[in-house]
Amino acid sequence: MNDKLKEKISESLQSVLPITCIVLLLCFTLVPVSIGTLSLFVCGALLLIVGMGFFQLGAETAMTPLGQGIGQSLFETKKLWITIVLCFLVGTVITISEPDLQVLAEQVASVPNSVLIWAVAVGVGIFMVAAVLRIIFRLPLNRLLTLLYIFLFVLTAFAPADFIAVAFDAGGVTTGPMTVPFIMAIGVGLSATRSDKEGSSDSFGLVALCSVGPILMVLLLGIFYSPSDALYEAVEILELSTTHDVAFYFIKALPHYAEEVIKSLLPVLGAFVVFQLFTRRYRRRQLLKISIGFIYTIIGLILFLTGVNIGFAPVGSLLGGELASKGFRWLLVPIGLLIGYYIVKAEPAVQVLNEQVEEITGGTISKQMMNLSLSLGVSLAVGISMIRVLTGISIFWIIIPGYVLSLLLSFFVPPIFVGVAFDSGGVASGPMTSTFLLPLSMGACMAIGGNVVTDAFGVVALVAMTPLIAIQLMGLIYSVKSRKHKAALYMLSDDIILEDD
């Protein structure tokens, strides 16, 4: 095992260990589980840690260089129509390759899988074009996002109420571990070709705009399809009595997720081959490195998705149902706050984002600052989600004021914080959210007899929204401190001049 892989696995261990310990503590105290279920969870956690390490290394050595290369080539292309066509194709292809989109398609029963997948992919493709054109023509991100979200909220008036939470969840789910590193790298590649001071700020915001596409398309589908059948099925909890049964269950599941990941990555590999044939951008040594990176990415995603879906999802559903039915229902709120604080660190794309932010900003926005802001934001989101499950509060009462506040803040903070914040919303709501937090909400909702579609749905949407506020508040504090520091330096320079006189 090379040193870089050891480092990545060590980082993933630090990220996943806290949430694992919290769940184990609950299993040994408030919600006793069978040995088989506990073994399933522990094995899932181990696969999650190793898989996340492989994925991060793969994203760093394959997805990021490829995305940056495509981004730079797009900027160098002198014909605008070629840029538009390529952006649309790249956005569509990379979204079809997103494993989370397959999960979403299976869960929304009222819309045919192929219709939902292609609609969402086309939506991301369209907004990928918009995001790249914004960078090329240097349009302000905050104004564009304000107009788009006003349009989205107007559109919700025409969509079925039961479909709104699903639509906003889609915006977070479809920007997962495959799309985020690739799309962000394209932004970095595009901005790297610019020499102006706003270049680094404009490298962020692609994920934010691409997240709008799925919301828009699912809202439109809700107008044409009846949402009455769009119910999530309860996660099945298997009774496993021996460690052999647990091992066999994981081994049996591996081929399924291997097939899913390989099918998902084939369009990306195809795009890479076509790109290299036309541009000859990468030399032999670089091609070998990227090829190894793709292998790491495949291994990592297979292990990660197997661990999350087989080990984490059943336990999440079980915890939610048991806590809600045993008289501990209001404990769901503080437990949700605690789980939310730590679970975002286990999202694979979060670490990719944090590293890119620290690198591009030269340490001005550090990984530690990002982790703290995201953890506080997601903690609040999960806590509010648990309150919604218990009380049935409409998501409108939370999501509209939340986005209004986010968009208002975008006019008072430095532009780079706006892009980072809105990108973080899509990144934070990845596979850990959809396969642990959503089952947790569903389990609790079904235990108290609530409406799963209106009350349990929305947790992904809230997880995607609260980082927008948290990181922009961090930007506001940074901006105030920066102004005070400059004022202090100015006063000090005046004093020095007076003394010299």
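Definitions and limits used
- Residues numbered from 1 in each chain as written.
- Predicted model: local features only at pLDDT ≥ 70, side-chain atom pairs only at ≥ 80, totals over all residues.
- Heavy atoms only, no water.
- Helix = DSSP H or I, 4+ residues; strand = E, 2+ residues; numbered from the N terminus.
- Buried < 20%, exposed > 50% of the residue type's maximum accessible area, 1.4 Å probe, protein only.
- Contact = heavy atoms within 4.5 Å.
- Areas by Shrake-Rupley, 256 points an atom, 1.4 Å probe, with all protein chains shown as cover.
- 1 Å grid on protein atoms, 1.4 Å probe; cavity = no way out; pocket = protein on both sides within 12 Å on 5 of 7 lines; lining within 4 Å.
- Points joined across faces, edges and corners; volume = space filled by probe spheres on them.
- Nonpolar A, V, L, I, M, F, W, Y, C, P; charged D, E, K, R; others polar.
- Axes fitted to C-alpha atoms, helices over the stretch in contact; angles between N-to-C directions.
- Parallel < 35°, antiparallel > 145°, perpendicular 65-115°, else oblique.
- Left-handed = near helix turned anticlockwise from the far one by under 90°.
- Patch = residues over 30% accessible without salt bridge, like charges linked within 9 Å, V, L, I, M, F, W, Y side chains within 5 Å.
- Salt bridge = Lys/Arg side-chain N within 4 Å of Asp/Glu carboxyl O.

(A) Quick look at the overall build of the protein. Helix and strand counts for the protein come out as 20 helices and zero strands. Counting all 501 residues of the protein, 58% fall into the buried class. Across the protein, contacts joining residues at least 24 apart in sequence account for 87% of those joining residues at least 6 apart. A total of about 20500 Å² of accessible surface is found on the protein, and carbon and sulfur atoms cover 67% of it.

(B) Looking closely at empty space enclosed by the protein. Inspection of the entire model under this criterion finds three cavities of 30 Å³ or more. In this structure, the largest cavity occupies an estimated 110 Å³ of space. The wall of the largest cavity is formed by 13 residues, among which Tyr149, Ser211, Tyr403, Gly426 and Ala464 lie closest to the centre. Partitioning the lining of the largest cavity into residue classes produces eight nonpolar, five polar and no charged.

(C) Region of the structure containing the environment of Phe396. As for its position among the elements, Phe396 is in helix H16 (residues 396-409). Given the relative accessible area of 27%, Phe396 is considered partly exposed. Sequence separation between Phe396 and Ala161 is 235 residues; the distance between their C-alpha atoms is 9.8 Å. Not counting residues within four places of it along the chain, the set of residues in contact with Phe396 comprises Thr156, Ile164 and Pro401.

(D) The arrangement of the packing of helix H3 (residues 80-96) against helix H5 (residues 113-137) in detail. As a packed pair, H3 and H5 sit with axes 7 Å apart at the nearest point and diverge in direction by 140°. Classified by the angle between their axes, H3 and H5 sit oblique to one another. Here H3 and H5 pass one another in a crossing that is right-handed. Its residues placed into classes, the contact of H3 with H5 shows 19 nonpolar, five polar and no charged.

(E) Inspection of the side chain of Ser424 at higher detail. As for its placement among the helices and strands, Ser424 is situated in helix H17 (residues 415-428). We classify Ser424 as buried; its relative accessible area is 1%. Here Ser424 is in contact with Leu353, Met370, Leu374, Pro467 and Ile471, once residues within four sequence places are set aside.

(F) Here's a closer look at the layout of surface pockets. What the second largest pocket holds in volume is close to 380 Å³. As for the second largest pocket, its lining consists of 13 residues, and the residues nearest its centre are Leu86, Ala271, Val274, Phe275 and Phe278. Contributions of two or more residues to the lining of the second largest pocket are made by helix H2 (35-76), H3 and helix H11 (243-279). Of the residues forming the lining of the second largest pocket, the biggest block, five residues, is contributed by H11. Split into classes, the residues belonging to the lining of the second largest pocket amount to ten nonpolar, three polar and no charged.

(G) Fine view of a nonpolar patch on the surface. Taken together, Ile150, Val154, Phe158, Leu220, Ile223 and Phe224 make up a surface patch of nonpolar side chains, about 630 Å² in accessible area. Those elements that provide at least two residues to the nonpolar patch are helix H6 (141-155) and helix H10 (206-224). Of the residues forming the nonpolar patch, the biggest block, three residues, is contributed by H10. In this structure, Ile150 sits in helix H6.

Purely spatial values, then, with no claim about function.
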